[in-house]
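As a plain string of letters, each chain reads:
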Amino acid sequence: MHRTSINEALNAEAPRDSITLMGWVRTRRDAKGFSFLELNDGSCLANIQVIVDEGVADAATLKMLNTGSAVKVQGMLVESPGKGQKWEVKAKAVSVFGDADPESFPLQKKRHSDEFLRTIAHLRPRTNKFGALFRIRSEAAFAVHEYFRRNGYFYVQTPIITGADCEGAGEMFRVTTLDPSTGKPAAENPFEGDFFGRGAHLTVSGQLSAEVFACSLGKVYTFGPTFRAENSNTPRHAAEFWMIEPEVAFADLGDNMDLAEDFLKSLIDHVRTHCAADLDLFAKFVDKDLTASLDNIMAKPFVRLPHGESIQILKKSGKQFDFPVQDGMDLQTEHERYLTEEHFKRPVIVYDYPKEIKAFYMRLNDDGKTVAAMDVLLPRVGEIIGGSQREERLDVLERRIGELGLDMSCYWWYLELRKFGSVPHAGFGMGFERFLMMVTGVTNIRDVIPFPRTPKHLEF
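My aim in this report is to walk through the structure given alongside it, one point at a time. (Residues numbered from 1 in each chain as written. Predicted model: local features only at pLDDT ≥ 70, side-chain atom pairs only at ≥ 80, totals over all residues. Heavy atoms only, no water.)

## What to know about the overall build of the protein
- Helix and strand counts for the protein stand at 13 helices and 15 strands.
- Over its C-alpha atoms, taken along the principal directions, the protein stretches across nearly 85 × 60 × 45 Å.
- Relative to its 460 residues, the protein shows a buried fraction of 49%.
- Excluding contacts between residues fewer than 6 apart, the proportion of contacts in the protein whose partners are at least 24 apart in sequence is 67%.
- Carbon and sulfur atoms provide 51% of the accessible area of the protein, an area that totals close to 22700 Å².
- Computing the positive centroid from 56 side-chain charges and the negative centroid from 65, the protein places the two 5 Å apart. (Helix = DSSP H or I, 4+ residues; strand = E, 2+ residues; numbered from the N terminus. Buried < 20%, exposed > 50% of the residue type's maximum accessible area, 1.4 Å probe, protein only. Contact = heavy atoms within 4.5 Å. Areas by Shrake-Rupley, 256 points an atom, 1.4 Å probe, with all protein chains shown as cover. Lys, Arg positive; Asp, Glu negative; His and termini not counted. Charge placed at Lys NZ, Arg CZ, Asp CG, Glu CD.)

So this is what it looks like as structure tokens:
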């Protein structure tokens, strides 16, 4: 089916005697002797106006040209006398692929709440807001790959099914073929009869596997789905989400902070350049401060602040926080937002966290108390990137795994990286959905992923 996209038609440089469009009717307006159709095919935010003269379509076809119906329009692309539009289509023939009953079609020409649209996630991409959002998501995903390719990274597809808990938090989904109704008593190895013969889970991170390839190929990244069985219903958490995780050999914490800042700014710049019309919708109707917020991120270098200094700033702030500030504590969102919005008024990278609150693989600093970890904090968002220099010393890594009570045998291959040609290396993770929330001003993670997976919700 040869067709011209509406985006291409609207950007045409000259009229066309013949053009074929296919899309969904947004509205139909009837006048004496003709009808106006607003047509959208998802290729851009804008609709194109189609004029259907009396006689071009029979009465039965006209009756089906309702909001939501899918149609084919053949005609001429001509200059439009109307304001705000350069081109319109004068139809010569109209046919209907599939009609939409106006009494039951749930998307009408009115503002629908995000809560309602989540219940019809199979239709919400047809709205202006979600069509724009998922075009931005697509372009941002391309920008991720483009950035790393441009900078000499190799793309690695890491396992989704894993036997290792990267974070050591235990909030993992189990993968099994065992029948839960058998009721067999637990054996020495309760997974002996399972598919893998051992416990298997959906991954929470591709980091450990990416380290293997960083220590072979030098600079790599992963970009794929990750899963966390955390029973949380906050607007910032989902059970399934996408993570971007670069890993770099011969790199330290300073290199890692440089990469995180450059990567984030590059992504924002790309989306602003290539999705201007779609982003403008969010700046007008979702977050009036979005443009200023993005400008602020881009304007200056990020502040770099040791964790201990961040605690002292918070203590001296005079603010009454819901989570009282204590030495050695992990920062909460309210603390992160104070640092970025009120104290520094720009993004902050907090680094050198107490070892007790960070993962086993983060490099122990010379003080023996902190690790070479870093979090990138943004105004109005809080943490968007978390990473570290990895522990490359075998004896220190073994000791850390033991201190945290993790099963050493699960990490034998990870430990061997430290036996054979170990090198300093570093990396980070950025939640793709967190980035999309930041760049669009959308406040609920359920609205930046096509089909959200949250506790008690497995629709679509």
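There's plenty left to go through after this.
## Some remarks on the nonpolar core
- Residues L264, M374, V376, F435 and M438 are the most contacted members of the largest nonpolar core, which totals 63 residues.
- No other element matches helix α4 (residues 128-150), which puts 11 residues into this core.
- Discounting residues that sit within four places of it in the chain, V376 has contacts with A260, L264, F302, V348, I349, G382, E383, I384 and I385.
- Membership of the second largest hydrophobic core comes to 31 residues, among which are I313, L339, V396 and I401. (Core = buried A, V, L, I, M, F, W, Y, C linked by side-chain atoms within 4.5 Å.)

## Looking at the packing of aromatic side chains
- Here the structure, examined in full by the defined rule, presents 18 aromatic pairs.
- Residues F148 and Y221 carry aromatic rings whose centres are separated by 4.5 Å and whose planes lie at 20° to one another, so their mutual orientation is stacked. Within this pair, whereas F148 is found in helix α4, its partner Y221 is found in strand β9 (residues 219-227), the two being separated by 73 residues in sequence. Y221 matches F148 in its accessibility class, with the two residues each being buried.
- For the pair F223 and F432, a centre-to-centre distance of 5.1 Å together with 75° between the ring planes defines the contact as edge-to-face. (Phe/Tyr/Trp six-rings, centres within 6.5 Å; stacked < 30°, edge-to-face > 60°.)

## A word on unusual backbone geometry
- Here D352, not a glycine, exhibits a phi torsion of approximately 60°, which is positive.
- Looking at D352, the relative accessible area reads 24%, which means it is partly exposed.
- With a phi angle near 70°, R380 is a residue other than glycine that sits in the positive phi range.
- Summarising the element assignment, R380 is placed in the loop between β13 (370-378) and β14 (382-389).
- Since its relative accessible area comes to 34%, R380 is described here as partly exposed.

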